[in-house]
Amino acid sequence: MMRELNDIYDVVVVGAGPGGCMASYASAKNGAKTLLIEKSQEIGEPVRCAEAIPSIEEFGIEPKPEFVRNIIKGGILFSPSGKKVIVTQDKAQGYVVERKIFDKYLAIRAAKAGSKVVVKTTAIGLEKDGDYWNVIVEFLGEEYCIKTKIVIAADGVESNIAEYAGLKAKKKPLEVCSCAEYEMANVRLLDKNMMEFYFGNEISPGGYVWIFPKGDTANVGLGVRDRKKKAIDYLEDFIENGMAKDRLKEATPIEFKVGGAPVSGPIEKTYTDGVLVVGDAAGQISPLTGGGIYLAMDCGLIAGEVASKAIKMNDWSEKILKEYEDRWKEKHYEYLMNHLKYRKILEKMSDDELDALAEALGESLDGVDLKKFVKRIITKKPSLLKYFKDLL
Ligand SMILES: Cc1cc2nc3c(=O)[nH]c(=O)nc-3n(C[C@H](O)[C@H](O)[C@H](O)COP(=O)(O)OP(=O)(O)OC[C@H]3O[C@@H](n4cnc5c(N)ncnc54)[C@H](O)[C@@H]3O)c2cc1C
């Protein structure tokens with residue numbers, strides 16, 4: 001460990017979540033001398049996630065039984081009064097993974113591509129040193145200074161690294177969805193391949209409740225953007241008194257998870273001289289669903305590619321690193337901004353309006369073409385036009 005901490009690098013990646021692991025994989029694979037730093041003593045721990053991911057094959061990752069716990073074929077959405085909308089997507093399938101193993105697998109993949117990895121090492125500062133950055137880290141009570149040309153900040157929702165580099169990345173508390181979750185055994189599922197989502201201003205204001213089947217267990221959790229009660233109190237309430245209470249009667253927790261999802265959309269700027277920001281740290285997470293694993297992985301991959309290219313060009317100024325933002329925005333910006341708009345609409349709706357919305361959508365939907373749904377909603381429930389007219 002100490003040898004790694006005393007070396008000089010082309011690229012230092014802070015944070016070994018899906019974003020950081022993919023960034024260090026791509027950076028090392030393309031020949032840059034790369035170090036991945038993780039503050040936890042074990043990559044993948046603690047888990048702060050419901051562990052559902054739409055696709056991994058496109059990253060060249062096989063859905064291995066060692067981390068895939070379940071295959072997902074769609075979702076069942078419940079309105080506040082219990083109206084059901086079943087969403088499936090032809091041919092598409094996703095996975096519920098064991099993040100503890102999946103994140104480790106991604107880190108091992110980065111190591112196999114040539115990245116060094118250090119754990120129990122926290123980045124506590126960043127200083128400009130000519131064309132280099134000095135990343136100040138703490139390992140077992142000692143401080144070390146790691147010199148690098150490029151820093152990739154993949155340090156999650158509580159990111160400090162981007163701010164240290166002068167980028168505006170701090171999330172305001174109400175822009176973060178506060179989440180609580182139990183992984184539970186003995187949940188009686190409606191369908192072992194369908195995720196369940198429950199909406200309502202009473203049960204989960206500004207968010208939703210989820211039950212995600214995970215093989216022998218299920219992740220039962222929620223996110224709220226209201227500080228009247230703690231997320232865990234809303235969750236206990238749902239388990240005791242909510243719509244699924246009969247199916248949760250026998251359920252018992254085997255793990256408790258808390259965390260925050262930054263749902264305010266992407267930060268203003270994700271690059272500067274010798275610095276790139278990736279994943280939750282950059283707000284690359286759906287403001288509507290809170291899904292961020294896939295986006296963190298994809299943006300991480302782009303960041304690693306752009307960083308290693310800059311090293312080859314011997315120019316890691318922001319002029320060159322801008323390619324990262326251009327590329328991730330071209331792929332994901334519209335999606336993120338649309339999801340932000342839809343989230344803002346949903347959180348203005350009363351429970352009666354959420355029921356009307358479910359009625360308008362109908363009992364089953366094929367695909368997730370939100371624009372198509374908007375047309376259907378306002379044709380069937382003109383009273384909801386006020387919310388959706390700007391989206392037409
Ligand atoms: C309760 C909950 C449920 C969720 N469910 C889902 C879901 O089902 N599907 C989905 O797609 N998304 C989900 N998300 C979001 C998803 O977890 C994140 O979007 C995803 O993990 C982002 O990846 P990341 O690599 O950007 O950050 P993270 O996974 O947060 O990784 C950041 C890493 O950086 C490390 N770190 C932080 N600071 C430092 C430092 N100073 N020095 C060194 N290391 C540091 C952290 O320890 C951590 O390992 C959920 C989020 C929450 C809170």
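Here, the structure is the one placed above.
Residues numbered from 1 in each chain as written. Predicted model: local features only at pLDDT ≥ 70, side-chain atom pairs only at ≥ 80, totals over all residues. Heavy atoms only, no water.

K.L.:
What is the right way to look at the environment of Cys-179 in this model?
P.N.:
Secondary-structure assignment places Cys-179 in strand 12 (residues 176–185). Here Cys-179 falls in the buried class, since its relative accessible area comes to 17%. Through-space distance from the C-alpha of Cys-179 to that of Gly-260 is 5.7 Å; in sequence the pair is 81 residues apart. The contacts of Cys-179, once residues within four sequence positions are left out, are Trp-210, Leu-222, Gly-223, Ala-231, Lys-257, Val-258, Gly-259 and Ala-261. (Helix = DSSP H or I, 4+ residues; strand = E, 2+ residues; numbered from the N terminus. Buried < 20%, exposed > 50% of the residue type's maximum accessible area, 1.4 Å probe, protein only. Contact = heavy atoms within 4.5 Å.)

K.L.:
Would you take a moment to explain the sheet that holds strand 4 (residues 68–72) for this structure?
P.N.:
Across a sheet, paired strands are connected by hydrogen bonds in the backbone, their directions being either parallel or antiparallel. Strands sit in the order 3-7-4 across an open sheet of three strands; the sheet is antiparallel. The open sheet terminates on both sides in strands that have one partner only, identified here as strand 3 (52–53) and strand 4. Pairing analysis gives two bridges linking strand 3 to strand 7 (residues 94–97), with the strands arranged antiparallel. Pairing of Ile-53 across the sheet is with Tyr-95, part of strand 7. (Pairing = 2+ DSSP bridges.)

K.L.:
Whenever I open this one, the site of the ligand confuses me. Can you help?
P.N.:
Taken together, 35 residues lie around the ligand, and Gly-19, Glu-38, Ala-50, Ala-52 and Asp-280 are the ones closest in. Between Glu-38 and the ligand, the recorded distance is 2.6 Å, taken from a side-chain N or O atom to an oxygen atom. One nitrogen or oxygen atom from the side chain of Arg-99 is found 3.1 Å from an oxygen atom belonging to the ligand. A total of 1,000 Å² of accessible area belongs to the ligand in isolation, and the protein chains cover 89% of it. Secondary-structure elements contributing two or more residues to the shell around the ligand are helix 2 (18–29), strand 9 (121–129), strand 14 (208–214), strand 16 (252–262) and helix 7 (293–313). (Near = heavy atom within 4 Å. Polar contact = N/O pair within 3.5 Å; in protein donor to acceptor, adjacent residues only side chain to side chain. Areas by Shrake-Rupley, 256 points an atom, 1.4 Å probe, with all protein chains shown as cover.)

K.L.:
Help me understand the packing of aromatic side chains, please; the structure alone is not making it clear to me.
P.N.:
Each aromatic ring pair is described using two quantities: the centre-to-centre distance and the angle formed by the ring planes. Counted according to the given criterion, the structure contains 13 aromatic pairs. An angle of 65 degrees between the planes, with centres 5.1 Å apart, marks the rings of Phe-67 and Phe-102 as edge-to-face. On the criterion of sequence distance, the pair formed by Phe-67 in the loop between strand 3 and strand 4 and Phe-102 in helix 3 (residues 99–112) is long-range, its members being 35 residues apart. On the basis of relative accessibility, which here comes to 0%, the residue Phe-67 falls in the buried class. (Phe/Tyr/Trp six-rings, centres within 6.5 Å; stacked < 30°, edge-to-face > 60°.)

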